Amino acid sequence: ANEYLQQHFNYQVLSYEQEEYTKEGIDWTFIDFKDNQDVLDMIVGTGGKKKLSAIMPILDECCRLPRTTAADFCHSLKDKLGENKSLVFHKKWPHCFEVRHYAGEVLYETTQMIEKNKDYIIFEHNALAKSSESSFFQALFLAGLESQESKNKTFILRTVSSIFSKQLKCLMDDLCKTNPHYIRCIKPNYSCLRGTFVAGYVHEQLAYGGVMEAVRISRSGFPSRKVFVDFVYRYEILLDAKARERCEDADEKHVTELILRTLNLENRWQVGKTKVFLKEGVVPMLEN
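Asker: Can you help me understand the overall build of the chain in this one?
Answerer: Along the chain, the regular secondary structure elements total 14 helices and 8 strands. Computed over its C-alpha atoms, the radius of gyration of the chain comes to 28 Å, more than 25% above the 19 Å expected for a compact globule of 288 residues. C-alpha atoms of the chain, sized along the principal axes, occupy 90 × 55 × 50 Å. When the accessible surface of the chain is summed, it comes to about 19300 Å², and 53% of that surface belongs to carbon and sulfur atoms. Across the chain, the mean location of the 39 positive side-chain charges is 5 Å away from that of the 40 negative side-chain charges.

Asker: What is the right way to look at the sheet that holds strand β2 (residues 93-101) in this model?
Answerer: Working definition: the strands of a sheet are paired by backbone hydrogen bonds and lie parallel or antiparallel to each other. Strand order across the open sheet formed by 3 strands is β1-β2-β3, with antiparallel pairing between neighbours. Edge positions in the sheet fall to β1 (87-90) and β3 (104-109), since each of these pairs with one other strand and no more. Direction aside, neighbouring strands of the sheet carry axes that sit 30° apart on average. Where β1 lies against β2, 3 bridges are found, and the strand directions are antiparallel. Looking across to β2, one finds that Leu87 is bridged to Val99. Against the sheet, helix α4 (residues 70-81) engages β1 and β2, with an angle of about 45° to β2.

Asker: Got a minute to help me understand the sheet that holds strand β8 (residues 275-278) in this structure?
Answerer: Overall, antiparallel pairing links the 3 strands, which are arranged β6-β8-β7 in an open sheet. In the strand order of this sheet, the two ends are held by β6 (224-227) and β7 (269-271), each with one partner. Pairs of neighbouring strands in the sheet enclose a mean axial angle of 15°, with direction left out of account. Taken together, the 4 bridges between β6 and β8 define a ladder with antiparallel strand orientation. Bridge pairing in β8 links Ser224 to Leu278. Contacting β6 and β8, helix α1 (residues 2-24) crosses the sheet at an angle of about 130° to β8. The strands that helix α11 (residues 228-235) touches are β6, β7 and β8; relative to β6, the one it contacts most, it runs at about 95°.

Asker: Which parts of the structure should I look at to understand the pairing of β8?
Answerer: Judged by which residues are buried, β8 turns out to be covered on both faces: Lys275 and Phe277 on one side and Val276 and Leu278 on the other are all buried. As paired elements, β7 and β8 share 3 bridges and run antiparallel to each other. The residue of β8 that forms the bridge with Gln270 is Phe277. Counting the residues that bridge the hairpin from β7 to β8 gives 3 residues.

Asker: I would appreciate a short explanation of the packing of aromatic side chains in the present structure.
Answerer: The description of an aromatic ring pair rests on the distance of the ring centres and on the angle between the ring planes. Counting across every chain of the model gives 8 aromatic pairs. Plain terms: the ring middles of Tyr21 and Phe222 are 6.0 Å apart, the flat faces sit at 75° to each other, and that makes the pair edge-to-face. Placement of Tyr21 in helix α1 and of Phe222 in the loop between α10 (211-220) and β6 is noted, with a sequence separation of 201 residues between them. Side by side, Tyr21 and Phe222 carry an identical accessibility label, which is buried. Centre to centre, the rings of Phe222 and Phe277 are 6.4 Å apart; their planes meet at 75°, and the pair counts as edge-to-face. In this pair, Phe222 sits in the loop between α10 and β6 while Phe277 sits in strand β8, placing the two residues 55 residues apart along the sequence. An aromatic cluster is defined as three or more aromatic residues linked by ring pairs; in this entry it consists of Tyr21, Phe222 and Phe277. Taking the ring centre of Phe9 as reference, the NZ or CZ of Arg184 above it sits at 4.4 Å.

Cut-offs applied
Residues numbered from 1 in each chain as written. Predicted model: local features only at pLDDT ≥ 70, side-chain atom pairs only at ≥ 80, totals over all residues. Heavy atoms only, no water. Helix = DSSP H or I, 4+ residues; strand = E, 2+ residues; numbered from the N terminus. Rg over C-alpha atoms; globule rule 2.2 N^0.38 Å. Areas by Shrake-Rupley, 256 points an atom, 1.4 Å probe, with all protein chains shown as cover. Lys, Arg positive; Asp, Glu negative; His and termini not counted. Charge placed at Lys NZ, Arg CZ, Asp CG, Glu CD. Pairing = 2+ DSSP bridges. Axes fitted to C-alpha atoms, helices over the stretch in contact; angles between N-to-C directions. Contact = heavy atoms within 4.5 Å. Buried < 20%, exposed > 50% of the residue type's maximum accessible area, 1.4 Å probe, protein only. Phe/Tyr/Trp six-rings, centres within 6.5 Å; stacked < 30°, edge-to-face > 60°. Lys NZ or Arg CZ within 6 Å of the ring centre and 35° of its normal.

In structure tokens:
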């Protein structure tokens, strides 16, 4: 879930930055940023013929096979994902694997992972829930279950990971339909005490959350931008009376360029098709 949300943040904030420059025709050197698609492919898979070449599909497969152990699960991971750079195995911990997430390395213990991933649908329980007179209880117990009946089976095996994956897909589909705004909550110290600021801990949160990367991309380009009409309305007063008279019949783009050239701000701004882009520090200079 964190990997998907981080990718969504990267795309919306960082990729949008580059798309904005391209759309406006701004001359800007593109900067590569860290992408976690390889990690996501390794965790959830890409589907198709390589469906079982990811951690969660392999785990689901182990849940369906009888008498499969944690050692078997680890062996399958090594066999199918052993060459993946985002996955590390340690001889010191044979039942563990390490995932190199966007936020850093995490060591996972496979003992009981198979059992915890199983989620049985028992038909007797379903019938009991349906007979309840409480609509809340029915909705709670039968949420997301299809009406599956079988004469030969007393239960159906689902997996927690498959259920979670479906819920996560619905969440991401909804997020992609929105115009997102992000609030990053940063803890100042490990104990949540007031008046205590641990710089290293704060920096880790900013770095692992992609905030430092977003700031780096923004500062390397043009972090401030205004449409021509708003820019002229705000800063036309910086021109002298004669210059303003000459600009009475000029369009806002021409006036914007004249204002910036008058203030000797060469190489610190560019005009696009609909707005002006300003380097870091230009807005304070204009305001002062």
